Amino acid sequence: MKSQSLLLLLLGGALLKISAFSTDFTNYVKPGFRPLLIAAGAALVILAVATLIEERRKSIRTTRQARLTHARLAEDAHLAQLTGREPATPVQACSSGHDHGKDGRVAWLLAAPVAAIFLIAPPALGSYAAQQAEQAPPPPPPTVMDAQPVTSLKSDRVNVLSLAEFADRAWYEPSSSLAGKTVRLTGFVLPSPDRGEWYIARMRISCCAADALTMKVIVRGAPAPATDTWVRVTGTWIPRKGRPSDTYVPEMIASDVHPISPPVEPYE
């Protein structure tokens, strides 16, 4: 039980570390899960501490009982010696009162992911995950996840859009609201097999990193920064020709590419 209690304590501490004392949890789940993670971590810590306290109390009671039994057996042995009879139970048969049962060694294997959180802290999904996703069937069109955009874009300013909204407009808007508008997108650099272009990409999640989809836009007119570099790209949409196919990827020509620090919330 002690090993399981310590494992619960480590797991609860790991949850609190990434959710209550940092924003590392956003590498794995959406920000809205923070209160649930904090509550779960606190519950695990309280449960582990309560279990350890109960085990300590039980150990003290067992030790006291063992000492009392030992004293009674010793007294019986002394009386048996005085009266010339055999003692009911030899004193040597009394145990010390400590039960050294086998710890749940298998349970400690579960400590591996906890140790990974403390020591390695896996980063958010990036270019490697995006490239692996390209080998899978293409994701559904953006409008399956988002409603049609209704906000009008301005011609006299830079319009800040998510990659999902940019793709939405590029895919479905018959009025081509992106045409001639300057937009700014934020994402990480993903290499392209074609020369003269690269992707700005971002992972989109519904719940956690396990259901991530890659949103990407082809960038032309600017040299590609290092893979996985986070950038803000300012430019204009390159209108598509004809009806988009299932593999259509929106394109833009960049007027400015500015490297930035990774955002606190890496996913859209």
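Keep in mind that what you see is a predicted model, and the values were worked out from it rather than measured.

With respect to the packing of aromatic side chains
Okay, step 1: In total, this model carries two aromatic pairs according to the counting rule given.
Okay, step 2: Centroid distance Trp171 to Tyr248: 5.9 Å. Interplanar angle 70°. Geometry classified as edge-to-face. In this pair, Trp171 is assigned in helix α5 (residues 163-172) and Tyr248 in the loop between β5 (230-237) and β6 (251-259), connecting sequence segments 77 residues apart.
Okay, step 3: Given a relative accessible area of 11%, Trp171 falls into the buried group.
Okay, step 4: On the basis of relative accessibility, which here comes to 15%, the residue Tyr248 falls in the buried class.
Okay, step 5: Their ring planes at 70° and their centres at 5.7 Å tell us that Phe188 and Trp230 sit as a pair that is edge-to-face. Here Phe188, found in strand β2 (residues 182-191), pairs with Trp230, found in strand β5; they are 42 residues apart in sequence, far enough to count as distant.
Okay, step 6: The exposure class assigned to Trp230 is buried, which follows from its relative accessible area of 10%.
Okay, step 7: One cation-aromatic arrangement involves Lys216 over Tyr199; the distance from NZ or CZ to the ring centre is 4.3 Å.

As for the pairing of strand β3 (residues 197-204)
Looking down a regular strand, the side chains alternate between one sheet face and the other.
Okay, step 1: A large share of β3 lies buried, amounting to eight of its eight residues.
Okay, step 2: Because side chains alternate across β3, one face comprises the buried residues Glu197, Tyr199, Ala201 and Met203, and the other comprises Trp198, Ile200, Arg202 and Arg204, equally buried.
Okay, step 3: One ladder, built from four bridges, connects β2 with β3; its direction is antiparallel. In the sheet register, Leu190 faces β3, and the bridge partner there is Tyr199.
Okay, step 4: The antiparallel hairpin formed by β2 and β3 contains five residues in its connecting segment, where Gly196 sits at a positive phi of about 85°.
Okay, step 5: Pairing analysis gives eight bridges linking β3 to strand β4 (residues 213-220), with the strands arranged antiparallel. Bridging from a neighbouring strand, Arg204 pairs with Leu213 of β4.

Thoughts on a nonpolar patch on the surface
Okay, step 1: Residues Leu6, Leu9, Val49 and Ile53 make up a contiguous nonpolar surface patch of about 270 Å² in total accessible area.
Okay, step 2: Elements supplying a minimum of two residues to the nonpolar patch: α1 (2-19) and α2 (34-83).
Okay, step 3: For Val49, the position within the fold is in helix α2.
Okay, step 4: A relative accessible area of 37% places Val49 in the partly exposed class.

Some thoughts on unusual backbone geometry
Okay, step 1: For Asp228, which is not glycine, the phi torsion reads 75° and is therefore positive.
Okay, step 2: Residue position: Asp228 is located in the loop between β4 and β5.

With respect to the pairing of β2
Okay, step 1: By the criterion of burial, β2 is predominantly enclosed, with seven of the ten residues buried.
Okay, step 2: Across two bridges, the pairing between strand β1 (residues 159-160) and β2 is parallel. Directly across from Asn159, in β2, lies its bridge partner Val183.
Okay, step 3: Here seven bridges tie β2 to β5, and the two strands are oriented antiparallel to one another. Looking at the pairing, Val183 lines up with Gly235 of β5.

Side note on the pattern of salt bridges
Oppositely charged side chains may form a pair once their charged atoms are brought near each other.
Okay, step 1: Taken as a whole, this structure holds six salt bridges when the rule is applied.
Okay, step 2: A salt bridge links Glu54 to Arg61, with the nearest nitrogen and oxygen atoms 3.5 Å apart.
Okay, step 3: Classification of Glu54 as partly exposed rests on a relative accessible area of 35%.
Okay, step 4: Its salt-bridge partner being Glu55, residue Lys58 comes within 4.0 Å of it at the nearest N-O pair. Pair noted here: Lys58 and Glu55 are both in helix α2, with a separation of three residues, about one helical turn.
Okay, step 5: On the basis of relative accessible area, Lys58 is assigned to the partly exposed category, the value being 39%.
Okay, step 6: Classification of Glu55 by relative accessible area gives partly exposed; the value is 24%.
Okay, step 7: Within the structure, one salt-bridge network assembled from shared partners comprises Glu197, Arg220 and Glu251.

What counts and what doesn't
Residues numbered from 1 in each chain as written. Predicted model: local features only at pLDDT ≥ 70, side-chain atom pairs only at ≥ 80, totals over all residues. Heavy atoms only, no water. Phe/Tyr/Trp six-rings, centres within 6.5 Å; stacked < 30°, edge-to-face > 60°. Helix = DSSP H or I, 4+ residues; strand = E, 2+ residues; numbered from the N terminus. Buried < 20%, exposed > 50% of the residue type's maximum accessible area, 1.4 Å probe, protein only. Lys NZ or Arg CZ within 6 Å of the ring centre and 35° of its normal. Pairing = 2+ DSSP bridges. Patch = residues over 30% accessible without salt bridge, like charges linked within 9 Å, V, L, I, M, F, W, Y side chains within 5 Å. Areas by Shrake-Rupley, 256 points an atom, 1.4 Å probe, with all protein chains shown as cover. Salt bridge = Lys/Arg side-chain N within 4 Å of Asp/Glu carboxyl O.

Worth remembering: the numbers are spatial, not functional.
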